[in-house]
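# An overview of the molecular structure
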Amino acid sequence: MDEPVLRVRGITKRFPGVLANDHIDLELRRGEVLAMLGENGAGKSTLMNIIYGLYTQDEGEIYINGRQVEIRNPEDAIRCGIGMVHQHFMLVPVLTVAENLMLGMEHVRGYFFLDKERTIREIEALSKQYGLEVDPRATVEDLPVGAQQRAEIIKVLYRGAEILILDEPTAVLTPQEADDLFMVVRSLTEQGKSIIFITHKLREVMEIADRIVVLRGGKLVGTTTPAETSRAELANMMVGREVLLQVEKEPAAPGEMVLAVRDLRVLDDREHPAVNGVTLEVRAGEVLGVAGVQGNGQRELVEALTGLRKVTGGQVQLLGHDTTHAAPRQVIEIGTAHVPEDRHKHGLVLAYPVEDDLVLCTYYLPPFTRSFNLQPYAIETNAVNLVDAFDIRTPTVATPASSLSGGNQQKVIVAREFSRNVKLLIAAQPTRGIDVGSIEFIHKNIIAQRDAGVAVLLVSAELDEIMALSDRIAVIYKGEIIDTVPAETATREQLGLLMAGVHEAEAGD
Amino acid sequence: MLDANFFTALLSLSLVKATPLVLGAMSGILCERSGIINIGIEGMMLMSAFAGFLGAVFSDSLWVGVLVGVLTGAVMGAFLALLSIRYKVDQIIGGTVINLLAVGITSYFAVIIIDNQSLSGIGVLPIIQIPLLADIPVIGPILFRNQPITFMMLILVFVLHVALFYTPWGLRTRAVGEHPRAADTVGIRVNRMRYLDTTLGGMMAGLAGAFITLESVGSFESGVMTNGRGFIALAVMVSGNWRPINALIIAYIFGVSDALGVRLQLGDVNQLATLLIVAGLGMLIGGALWALTKYLGRRDENKVPVTQIALAVAGLVMVLAPAIVEIPETNIPFQFLGLPPYILTIIIVAGLVGNVRPPAAEGKVYEKQ
Amino acid sequence: MTTETDASRGAESKLGLFSRRVFISILSIVLSLVIGGAIIALSGGDPIDGYLGLWRGAFGKEKAVVETIVKTTPFIFAGLAVAVGFRGGLFNIGVEGQLFVGSICALIAGYAVELPPGIHAAFALLMGALGGAVWAAIPGYLKARTGAHEVITTIMTNYIALRVINWSISQNGPLRLPGSALPETRRVLDSARLPSLTDTTPPLHIGVVIVIVAVFFVYWLLWRTPLGFEIRTVGLNPSAARYAGIKVERTIVLTMVISGALAGLGGAVQVLGLLGYFTTGFNVGLGFDSIAVAMLGSNHPFGVAAGALLFGVMDAGMKTMQLRTQVPRDIVVIIQGLILLFVAAPLLIQPLFRLRQVGEGEQVSISATWGGEG
């Protein structure tokens, strides 16, 4: 018991221009849950990828049960009893659960052939032992996210892991599913497994952790336990200064109807129904937050509203125009701004200079185009003004967007969308994966837009963000708005149940 | 009207004509299942056809020639993998480089080695008859009386099918082509798999090349060896949804079309009837496969792929028509008779592409972040 | 993982990037010539003699220089066609076929109608461009509507064009010169021929002027017009283009139409400016070489012009080389293939010369939409 199962000493990792890990020391004791807290970019993932052999450290040593080991690749890590459940599941979608689990350590029958039945029996045994329910014969892409995560955990256990690294495991779960996961985690530690639980959610840390370590800017800035600390203190350690957990705003003054959606139906990429009869309204000067666990039709809803996805049923009215089947440009020209969920795929042309990305939606209008000719001077002037107004950190306006940090890339999008004369703002996951400074900046700007009379539809998987910004909150579950509640009376528990598809009336018992 | 002998001969020739397409498609399948796009099949075939021919002539053994051809293919495959993985060349451009270099190298050395020394071929691989089985009417001559590479092709289709879907190697290959990071995290060497599979893929193209010079033509002449068959093989691969057995079926349609073209030039069949049969067969099999993929992938239980079934039925009628009614003689220029495979390819690629699913990670360099 | 600004890359000046590219292109050419020389030597030839022959054939006399210029012209047209496609994210391998169709359309317009001189030539050129545009629009439309990858469909349209044209100039073909024993077409009327600036053979026809205009036109189109902005946006990130309200399908078809028109114009200039008729083997392979030309010129119109000049030199010189030194002309194809290889794989030569890595810049990934997932 005295010897920690995992100990790292002086781990340092440099990337071009960044010191991702700076002499980190860490201990993991047998049977404990060690929560690792930190902002995006604090170096959590880098450290875990080093322990799991996906990166090699520049300096430092790793000890397993007191013995120094060298981990050059995931195979070495697996041999040392380390298993990792990645934030983005490492499962091949087109293969079955059993195929995914046997991958790399296949049982063979008759010299050449896969012995699937044997693997399936082994999986079923493990699944019973730890209470992780999953069908080994199901194809991964057909499974709900929660089941995929269970498959991922079994995969790690199947490889004989004693140390489990869970990387942001609750990001894709409802609060209730998260509770189920916590049960699994406890059952695992009771059976002697040790767990590193990576997260940036303070509430979870307080609930599940035995000990807590906090990373900031690649350095380990604190070690504590839930009993000794508070959420405010942890937030402080994480960010390095006082954090406003609440955005200041006046009560909303809703005006005319801007967006009215009636019984909207949309299919996803695989032509399954994704949005099943959504009805909602957004008025000028209010923020409607759409809360829900990822993958409940939010993306399809936003794409349908902005003309990017075909609508199969229902109606969309935007400022009196019927935009149900409108092209993206029509929607934009009526006065819609859209901060897309995936900034690299939709929001930016990464190879373009910042100045071109800033006119991505308006390049064809004066002053940027006059008599069929682009006006480079007007494009540059526009960029210089916006870079200044939105505090975009870029060497020049001719710098490619790809070399900006995530927060600054997001600011480019926000600058472009907010600087137009818009009536409706659709913001999907506007602060995902960016630093706290940029988050605060973007939140302030969203509220400023609202106060200027813009109707805002905010879609986010972060309940805190939804609760901080919204005036009304609509909860989406399996493509339906199952309830809309006023923000001031909404509680986290109430929303959590709704996100899991449970109405309060039903949950009464 | 057409009799059974004609059909037997035609279907047998069709298999021969399909052989390089199937081998080419399998080359593509091997590479792409592991995540490397191979549009250099044409060039690989050409180089192997040339090297195989020289190997046979200088060793005076056709089998040594086949071996040289296959090894040349392996080198070409490894070269494509090297460009794609080590040097991060866009894989489609890498394939184009191979195609261009193959034309240059073969035509240059064809002048230096073959023309200047007036080398001539040493014949083609002999026909092998499998005793008893070859005597079965119709099927016997088609399946069991062939030259060796054609036999090898048939065996390889089934070997590859089993290997891809029922062995650890196949599982790993598919995982690497679909989600390389997932494969990496369980300790599979992604790029090593890709080198291996692309080299194996090159060997398939090499065998196709050897087929052309050593089993089919018997000589090498710049500019007329591969005739775009490497590209048609790609279309076969895509429309077969990256599955070896589907590729065999689809390549066979092209084979029939090709074989009919040959018979037409011999002038012993009715042109219009032939076109009806080719177009009909294409519509029949294409429509049926298309309908099947639609049906299997359907979301709405009651939705029947009517258009596709209608296409298949119309095809069936066209195939049967020459056997029922007399088709008048026409005089279509022979250049036009070669068009159906090209048009068919476009139709298949355009019609099926929404319904097939390429390996998700192809064309992307895998780097450890 | 951690995306932090790499200042050195962000601050990379455009000029620095440009000169690095030029440097790599030149290195690629030199290296390819060296390897080509080694191949000649290994196969029993004299590389220095061979290259001297090549040089003499390209620049030896005034006539040779004219020939070089005239040979460069179609490479520029075809290279521009490929480059426009690449900028729009399309790998137009069909330039070969579009050139042929352009040639044939210009030919028909050149002999089947009677118009005043000058106007007739302009009309025939226009028909050539139109023919190429229409032929390219087919794979463009298929790509836009169904996602069929243009690499396969354009290769197929090449074969179709080739077969139909071969038929049209074969015995009894509709375009065959009556009474001729050779596979050649009727002659265009004199009124449709392009005027020449010299009285050499080949003539220095005004196609040379047209192509220079085309180079500037393509530059203007791509970087100075909203349409060019749309083409480049679709080429770099079709999802973002759709998001920005650009009609991606329409842009794909337009890109192919422009690309095909340039190719068709190139074919038309060849027929109207050089022979005045069409025959088998005329311009064969030009469409494929133009891929290397476009790559060599980094898909930039000025770069394309430079790359085309190199190909024009080799093309003009190779006949003399083969005649004088017995080195087979196909060595040129090998060298061209090698150039494409080195230009496409700068990582291959960087370690040789200890160069710093070239930044991403505006590079299009062609493989991105393979199999129709785009």
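About the criteria used
Residues numbered from 1 in each chain as written. Chains lettered and ligands numbered in written order. Predicted model: local features only at pLDDT ≥ 70, side-chain atom pairs only at ≥ 80, totals over all residues. Heavy atoms only, no water. Helix = DSSP H or I, 4+ residues; strand = E, 2+ residues; numbered from the N terminus. Buried < 20%, exposed > 50% of the residue type's maximum accessible area, 1.4 Å probe, protein only. Contact = heavy atoms within 4.5 Å. Pairing = 2+ DSSP bridges. Axes fitted to C-alpha atoms, helices over the stretch in contact; angles between N-to-C directions. Salt bridge = Lys/Arg side-chain N within 4 Å of Asp/Glu carboxyl O. Parallel < 35°, antiparallel > 145°, perpendicular 65-115°, else oblique. Left-handed = near helix turned anticlockwise from the far one by under 90°. Nonpolar A, V, L, I, M, F, W, Y, C, P; charged D, E, K, R; others polar. Buried area = accessible area lost by both parts, 1.4 Å probe. Polar contact = N/O pair within 3.5 Å; in protein donor to acceptor, adjacent residues only side chain to side chain. pLDDT = per-residue confidence, 0-100. Phe/Tyr/Trp six-rings, centres within 6.5 Å; stacked < 30°, edge-to-face > 60°. Lys NZ or Arg CZ within 6 Å of the ring centre and 35° of its normal.

### A word on the overall build of chain C
- A tally of helices and strands in chain C yields 15 helices and zero strands.
- In chain C, buried positions account for 60% of the 374 residues.
- Pairs at least 24 residues apart make up 74% of the contacts formed inside chain C by residues separated by at least 6 positions.

### Focus on the sheet that holds strand 9 (residues 163-167) of chain A
All names here are of chain A.
- Strand order in this open sheet of six strands is 6-9-10-3-11-12, and the pairing throughout is mixed. Two strands lie at the open edges of the sheet, namely strand 6 (82-85) and strand 12 (219-224), each paired on one side alone. Taken over all neighbouring pairs, the strand axes of this sheet differ in orientation by 20° on average, direction set aside.
- Bridge analysis of strand 6 against strand 9 gives four bridges, and the strand direction is parallel. Each residue of the ladder has a partner; that of methionine 84, found in strand 9, is isoleucine 165.
- Contacting strand 3 (33-38), strand 6, strand 9, strand 10 (194-199) and strand 11 (211-216), helix 1 (residues 44-51) runs over the sheet at an angle of about 135° to strand 3.

### Remarks on the pattern of salt bridges
All names here are of chain A.
- Inspection of every chain in the model, using the stated rule, returns 35 salt bridges over all chains.
- Its salt-bridge partner being glutamate 417, residue arginine 416 comes within 2.9 Å of it at the nearest N-O pair. Like glutamate 417, arginine 416 is buried.
- Of the charged contacts, one joins aspartate 471 and arginine 450 as a salt bridge, the two residues approaching to 2.8 Å between their closest N and O atoms. Of this pair, aspartate 471 sits in the loop between helix 16 (463-469) and strand 23 (472-477) while arginine 450 sits in helix 15 (residues 436-451), and the two are 21 residues apart along the sequence.

### Some thoughts on the packing of helix 1 (residues 4-33) of chain B against helix 6 (residues 148-166) of chain B
All names here are of chain B.
- Contact geometry of helix 1 with helix 6 gives a least axis separation of 9 Å together with a crossing angle of 30°. As summarised for this structure, helix 1 and helix 6 are arranged roughly parallel, according to the angle between their axes. Note on packing geometry: the crossing formed by helix 1 with helix 6 is left-handed. Residue-level inspection shows Leu15, Thr19, Val22, Leu23, Met26, Ile29, Leu30 and Arg33 of helix 1 in contact with helix 6, the latter providing Ile149, Thr150, Met153, Leu154, Leu156, Val157, Leu160, Leu164 and Phe165.
- Tallied by class, the residues present in the contact of helix 1 with helix 6 amount to 14 nonpolar, two polar and one charged.

### With respect to the interface of chain C and chain A
- Between chain C and chain A, the contact holds 28 residues from the first and 42 residues from the second.
- Of the roughly 2,900 Å² buried where chain C meets chain A, counting both sides, 62% is carbon and sulfur surface.
- Our count for the contact surface shared by chain C and chain A stands at zero salt bridges.
- Inspection of the chain C/chain A interface yields 14 residue pairs in polar contact (both at pLDDT 80 or more).
- By residue number, the principal contributor to the side of chain C that touches chain A is helix 9 (residues 226-236) of chain C, which donates six residues.
- Its residues assigned to classes, the side of chain C that touches chain A shows ten nonpolar, ten polar and eight charged.

### Some remarks on the interface of chain C and chain B
- Taken together, the 51 residues of chain C in the interface contact 52 residues of chain B.
- Scanning the region where chain C abuts chain B turns up zero salt bridges.
- On inspection of chain C and its partner chain B, the count reaches four residue pairs in polar contact (both at pLDDT 80 or more).
- Of all the elements in the fold, those that place two or more residues in the side of chain C that touches chain B are helix 2 (14-42), helix 6 (119-146), helix 7 (150-168), helix 12 (286-296), helix 14 (331-344) and helix 15 (346-353) of chain C.
- The dominant element in the side of chain C that touches chain B, judged by the number of residues it contributes, is helix 7 of chain C, at twelve residues.
- Looking at the side of chain C that touches chain B residue by residue, the class counts come to 33 nonpolar, 14 polar and four charged.

### Quick notes on the side chain of serine 194 of chain A
Residue and element names in this part refer to chain A.
- Along the chain, serine 194 falls in strand 10.
- The exposure class assigned to serine 194 is buried, which follows from its relative accessible area of 1%.
- Those residues in contact with serine 194 that lie beyond four places of it in its chain are Val5, Leu28, Arg29, Arg30, Gly31, Glu32, Glu162, Ile163 and Leu164.

### Quick look at the side chain of serine 460 of chain A
All names here are of chain A.
- Counting through the fold element by element, serine 460 comes out in strand 22 (residues 455-460).
- Residue class for serine 460 comes out buried when judged on its relative accessible area of 2%.
- Ignoring any residue separated from it by four or fewer positions in sequence, one finds serine 460 in contact with Val290, Ala291, Gly292, Gln429, Glu465 and Ile466.

### What to know about the sheet that holds strand 17 (residues 321-322) of chain A
Residue and element names in this part refer to chain A.
- Here four strands make up an open sheet; going across it, the order is 14-13-16-17 and the pairing antiparallel. The strands lining the two open edges of the sheet, one partner per strand, are strand 14 (273-283) and strand 17.
- When strand 13 (residues 257-267) meets strand 16 (residues 311-318), the two strands line up antiparallel, connected through six bridges. Paired with leucine 259 across the bridge in strand 16 is leucine 318.
- Each of strand 13, strand 14 and strand 16 is contacted by helix 9 (residues 298-305), which is oriented at about 120° to strand 13, the strand it contacts most.

### Some details on the environment of leucine 310 of chain C
All names here are of chain C.
- Following the sequence through the fold, leucine 310 ends up in helix 13 (residues 301-325).
- As for leucine 310 and glycine 281, which are separated by 29 residues in sequence, their C-alpha atoms are 21 Å apart.
- Discounting residues that sit within four places of it in the chain, leucine 310 has contacts with Ile29, Leu296 and Ile339.

### Description of unusual backbone geometry
Residues and elements named next belong to chain A.
- The linkage connecting proline 366 with the following residue, proline 367, adopts the cis geometry, with an omega of 5°.
- Within the chain, leucine 319 stands out as a residue other than glycine whose phi angle is a positive 50°.
- When you line up the elements, leucine 319 lands in the loop between strand 16 and strand 17.

### Some points on the confidence of the model for chain C
- For chain C, per-residue confidence averages 86 on the pLDDT scale, and 89% of positions sit at 70 or higher.
- Two summary scores accompany this predicted model of the complex, namely pTM at 0.84 and ipTM at 0.84.

### Remarks on the packing of aromatic side chains
- Taken as a whole, this structure holds 18 aromatic pairs over all chains when the rule is applied.
- One aromatic cluster is present, built from ring pairs that chain together Tyr352, Tyr363 and Tyr364 of chain A together with Phe229 of chain C.
- The positively charged end of arginine 7 of chain A is found above the aromatic ring belonging to tyrosine 63 of chain A, 4.8 Å away from the centroid.
- One Lys or Arg, arginine 329 of chain A, reaches over the ring of tyrosine 364 of chain A and ends 3.8 Å from the middle of that ring.

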